[in-house]
Amino acid sequence: MNSMQDNRLQEWRFGFFDCFSDCETCCVSLCCPCHQYGWNMAALDGEEENYLKHCLSFWFSGFVRATCFLGCIRRDQMRQKYALQGHPVTDFLAYLCCPCCALTQEAREIRFRENLVQQGIFASAPLPPTQTVQDHVDGPL
């Protein structure tokens, strides 16, 4: 990716260690990561009927010690869809070090961005550089 493309990438709205600011999602990610992963991926794909498929794929990946790889691949797809900053190595490390935080961050980011899509503010592409997400959320004065 060249530097011109890097300038269009957005920062994640929610930090990696901000998981405790949403205790409900954090608890689900910690106690039932398969459910959270299934929900995240079904919401990301826009296909709720695939929830169980995603949930079971995460569950199975735990048995074959491939959770980091599966999470890394899907996190990369999420970054591409929403034009988010990051790198596959950091995606892998996120799932290696703290999958609960990674799942919580992704869930919050998906909910936030999909809410903007429903409002017609954001359509899977970065906002123009002169506008910010906050401008649209607050609305005109």
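Conventions and cut-offs
Residues numbered from 1 in each chain as written. Predicted model: local features only at pLDDT ≥ 70, side-chain atom pairs only at ≥ 80, totals over all residues. Heavy atoms only, no water. Helix = DSSP H or I, 4+ residues; strand = E, 2+ residues; numbered from the N terminus. Expected span 1.5 Å × (residues − 1). Buried < 20%, exposed > 50% of the residue type's maximum accessible area, 1.4 Å probe, protein only. Contact = heavy atoms within 4.5 Å. Patch = residues over 30% accessible without salt bridge, like charges linked within 9 Å, V, L, I, M, F, W, Y side chains within 5 Å. Areas by Shrake-Rupley, 256 points an atom, 1.4 Å probe, with all protein chains shown as cover. Salt bridge = Lys/Arg side-chain N within 4 Å of Asp/Glu carboxyl O. Axes fitted to C-alpha atoms, helices over the stretch in contact; angles between N-to-C directions. Parallel < 35°, antiparallel > 145°, perpendicular 65-115°, else oblique. Left-handed = near helix turned anticlockwise from the far one by under 90°. Core = buried A, V, L, I, M, F, W, Y, C linked by side-chain atoms within 4.5 Å. Polar contact = N/O pair within 3.5 Å; in protein donor to acceptor, adjacent residues only side chain to side chain.

Colleague: If you had to explain helix H3 (residues 33-45) to someone new, which residues and values would you point to?
Modeller: An α-helical turn contains 3.6 residues, so a residue and the one three or four places further along point in the same direction. Look at H3: 18 Å from first C-alpha to last across 13 residues, which is about the 18 Å you get at 1.5 Å a residue. Listing the buried residues of H3 in full gives Cys34, Gln36, Tyr37, Gly38, Asn40, Met41, Ala42 and Leu44. Packed against the buried residues of H3 are helix H2 (23-31), helix H4 (51-63), helix H5 (67-82), helix H6 (88-97) and helix H7 (99-118). A positive phi of about 75° marks Gly46, the residue just after H3.

Colleague: Break down a nonpolar patch on the surface for me, with residues and values.
Modeller: A cluster of nonpolar side chains, Leu52, Leu56, Trp59, Phe60, Phe63 and Val64, forms an exposed patch at the surface whose accessible area comes to about 660 Å². Relative to the assigned elements, Leu52 resides in helix H4.

Colleague: Which residues make up the packing of H5 against H6, and what are the values?
Modeller: At a minimum axis separation of 8 Å, H5 and H6 run at an interaxial angle of 130°. Classified by the interaxial angle, the pair formed by H5 and H6 is oblique. At the point where H5 passes H6, the crossing takes the right-handed sense. Mapping the contact onto sequence places Thr67, Cys68, Phe69, Gly71, Cys72, Arg75, Asp76 and Arg79 in H5 and Pro88, Asp91, Phe92, Ala94, Tyr95 and Leu96 in H6.

Colleague: Describe the nonpolar core, and please don't skip the residues or the numbers.
Modeller: If you look at the biggest cluster of nonpolar residues, it comprises 22 residues, and the most contacted ones within it are Phe16, Tyr37, Leu44, Phe58, Met78, Tyr82 and Tyr95. Listed by contribution, the elements that provide at least two residues to this core are H3, H4, H5, H6 and H7. The element contributing the most residues to this core is H7, with five residues. Apart from residues no more than four positions distant in its own chain, Tyr37 is found in contact with His54, Ser57, Phe58, Leu70, Arg74, Tyr95 and Leu103.

Colleague: A description of the side chain of Ser29 should follow, citing residues and the corresponding values.
Modeller: Following the sequence through the fold, Ser29 ends up in helix H2. Exposure remark for Ser29: the relative accessible area of 2% places this residue in the buried category. Of the polar contacts made by the side chain of Ser29, one reaches the side chain of Thr104; its length is 3.1 Å. Not counting residues up to four positions away in its chain, the partners in contact with Ser29 are Gln36, Cys100, Leu103 and Thr104.

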